[in-house]
Every structure is written in C-alpha cells, then in structure tokens.
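Read off the chains here:
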Amino acid sequence: MTEALTVPTDPKPTAPPARTRPSRPRQPYRHSRPVFDLTLRIQSEYARRLLRDREFRPAMHALYGIEVILHLVGEDDDAEQVETLIRERLEGLADELQREIARLQVLLADRGLDKTRPRYTHPVTATVHVASPTIALYAALIQEFDRLLMGLDTLWLSGLLPSKERLAVAIRWRNRIGGAGQEFIGLHRRAYAAAERRGQRATVDEAEREVVSVPEEEGSEALPPADDPAVSEPTD
C-alpha cells in the first residue's frame, strides 16, 4: 500500500501587505501680505530709461527683499535702522527734486506756460506691486522726475532753454535716481549673503517675490540698451 501524498498547508495564512499611500510633500506656509498696485505712466525719455528691466525691476526687488531679509534673520532694531536710512535717502532726493520742480514752475508761470506740456511719442506704462513703503517712495521719485523733464522739455521746445542745459539736468537726475537704485541692489546682495551664511537662504527665497511687471510701451520700439551712449555725461 502506498502512502497518500499530502500538500503541506500553512495553518495561519498571511494576508497580502496593505497598500500605503505616498505621502505628499508639505506645502510651505505663505503669509498673506498687503500689496497695492500702482500704475506708472512715464512720458519723457530719461525717466523712461529708469524703467528698463536691468535697473528698475532689480531696484524694486531689492527694496522688498531687504525688508524681508531683515525681519526674517535680523533684529527688529537693526531692521528699523536700515529701513530708516533707506527712507531718508529717498526722501532727501524727493525734497531736492521738488525744489527744482518748484523753480521750474516759476519760470513756466512767468512765461505763461504753466498749463502747457508737450505730447510724447513713445510713453511707457508699468504696474508696480507696492509691497513696502520704500517701493512707493522710489516709484513716486521716478514720477516726479518725469514731471521735471516735461517742464524742461516745455521750455526747450519754446526756445527758452538751451539744449545743453536741458540735457545736463536730465542726465544728472537720471544718474542720481538710478544710482540710489544701485545702492539698494548692493545692500540687498549683502543682506542676502548674510542670510545665506546663517542657513536662511531657503526661507528668504520663499518669502521674496517679483514686485513689478514688465513695462509696456505704446508701439513696437524697444527701450534703449543699458550701454546707450546718450546716458553718459555731456561734454563741453
């Protein structure tokens, strides 16, 4: 007689392993920050040049970035001190510019031109996302510079201002306002480097963002390049 063959069985069969759902990466928390949109309508040539992406956007980004970095990685007192210095720099330029505009207004009024302004062939428009008070100050400075240039152009077109003097004033103020923007860009780079040394780069990158849209020009002509020779100082 042969023995029956039996298949060994597991007395406690195991259940199939449960499927695990892949975990989703945690989304970083984003603060809801107050912002208002300011539309700049710039008419004159030298004020227009301040809206070039190489200068205007980096300056706006730097002003916002400085505030973000200082409040993330710095002491409150240090942050307030730096913000005060930036504000005083911008307000000082604005006060000088207002005095020059006031002198120009007197000249225009004496000649019956206080209500006269030229038409410009290629104005530009840019929308600034004002996320800090210093951004509003810098944008207002460019608007006032445009106002000054329109007055100068009125006198020049009326034959009351030499071309050389008009150009010298335009270039001087363009360089002063643009130079302030370059100072803010340099300050932002140093603050960013300090944040990186403290291991806060990712936090800063998450908090910073763009604060100005690309300028839109009426017409198809492009803005002049940064190395345009017309931005250099006039020679005798």
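All values reported here derive from a predicted model rather than from experimental measurement.

Novice: Would you mind showing me how to read the overall build of the protein here?
Specialist: What the protein contains, in helices and strands, is six helices and three strands. The N-to-C order of helical and strand elements in the protein reads β-α-α-α-β-α-α-α-β. Residues counted as buried form 37% of the 236 residues belonging to the protein. Residue pairs in contact within the protein that sit at least 24 positions apart in sequence constitute 87% of those at least 6 positions apart. Total accessible area computed for the protein in this model is approximately 15200 Å², and 52% of it derives from carbon and sulfur atoms.

Novice: Any chance you could explain the pattern of salt bridges here in plain terms?
Specialist: Any two side chains of opposite charge can pair, so long as their charged atoms come close to each other. Enumeration over the complete set of coordinates arrives at eight salt bridges. For R166, the salt bridge is made with D153, and the minimal N-O distance between the two is 2.7 Å. Of the two residues, R166 sits in helix α5 (residues 163-197) while D153 sits in helix α4 (residues 133-157), which places them 13 residues apart along the sequence. Since its relative accessible area comes to 11%, D153 is described here as buried. Each of the salt bridges in this network shares a partner with another, and the network as a whole consists of E45, R48 and R49.

Novice: It is not clear to me how the nonpolar core should be interpreted in this structure. Could you clarify?
Specialist: Generally speaking, soluble globular proteins have nonpolar side chains that are buried together. Of all hydrophobic cores here, the largest spans 48 residues; its most connected members are F56, Y138, F145, L148, W173, I177 and F184. Those elements giving two or more residues to this core turn out to be β1 (36-42), α1 (45-49), α2 (56-73), α3 (76-110), β2 (124-130), α4 and α5. If you tally residues by element for this core, the top one is α4, at 10 residues. Contact partners of F184, with chain neighbours within four places excluded, come to A62, L63, I66, I86, R89, L90 and Y138. Counting residues in hydrophobic clusters, the runner-up holds five residues, among them V73, A191, Y192 and A195.

Novice: Would you take a moment to explain the side chain of E100 for this structure?
Specialist: Along the chain, E100 falls in helix α3. In this structure E100 comes out as buried when scored by relative accessible area, which is 15%. Discounting residues that sit within four places of it in the chain, E100 has contacts with L148, V169, R172 and W173.

Novice: Even after reading the chapter, I still don't get the environment of L187, so can you show me in this structure?
Specialist: Structurally, L187 is set in helix α5. L187 sits 122 residues away from G65 along the chain, and the two C-alpha atoms are 9.8 Å apart. Sequence-distant contacts of L187, that is, excluding residues within four places in its chain, are made with I66, V82 and I86.

Novice: Would you mind showing me how to read the side chain of R48 here?
Specialist: Within the secondary structure layout, R48 lies in helix α1. A relative accessible area of 4% means that R48 is categorised as buried. Within the structure, R48 has its side chain in polar contact with the backbone oxygen of H122 (distance 3.0 Å).

Novice: Just to check I follow, could you spell out the packing of aromatic side chains for this structure?
Specialist: Two numbers describe a pair of aromatic rings. These are the distance of the centres and the angle of the planes. Tallying each qualifying case throughout the model produces two aromatic pairs. Aromatic pair F56 and Y138: ring centres 6.5 Å apart, planes at 20 degrees, arrangement stacked. Remark: Y138 occurs in helix α4 and F56 occurs in helix α2; sequence separation between them is 82 residues. For the pair F56 and Y138, one class covers both residues: buried. Aromatic pair Y138 and F184: ring centres 6.3 Å apart, planes at 75 degrees, arrangement edge-to-face. You can see Y138 sitting in helix α4 and its partner F184 sitting in helix α5, a full 46 residues away along the chain. Take Y138 and F184: they sit in the same class, and that class is buried. Among the aromatic residues, those joined into a ring-pair cluster are F56, Y138 and F184. Note that R166 overlies the ring of W156, its terminal NZ or CZ placed 4.0 Å from the centroid. Sitting over the face of the ring of W173, R176 holds its NZ or CZ atom 4.8 Å from the ring centroid.

What counts, and where the lines are drawn
Residues numbered from 1 in each chain as written. Predicted model: local features only at pLDDT ≥ 70, side-chain atom pairs only at ≥ 80, totals over all residues. Heavy atoms only, no water. Helix = DSSP H or I, 4+ residues; strand = E, 2+ residues; numbered from the N terminus. Buried < 20%, exposed > 50% of the residue type's maximum accessible area, 1.4 Å probe, protein only. Contact = heavy atoms within 4.5 Å. Areas by Shrake-Rupley, 256 points an atom, 1.4 Å probe, with all protein chains shown as cover. Salt bridge = Lys/Arg side-chain N within 4 Å of Asp/Glu carboxyl O. Core = buried A, V, L, I, M, F, W, Y, C linked by side-chain atoms within 4.5 Å. Polar contact = N/O pair within 3.5 Å; in protein donor to acceptor, adjacent residues only side chain to side chain. Phe/Tyr/Trp six-rings, centres within 6.5 Å; stacked < 30°, edge-to-face > 60°. Lys NZ or Arg CZ within 6 Å of the ring centre and 35° of its normal.

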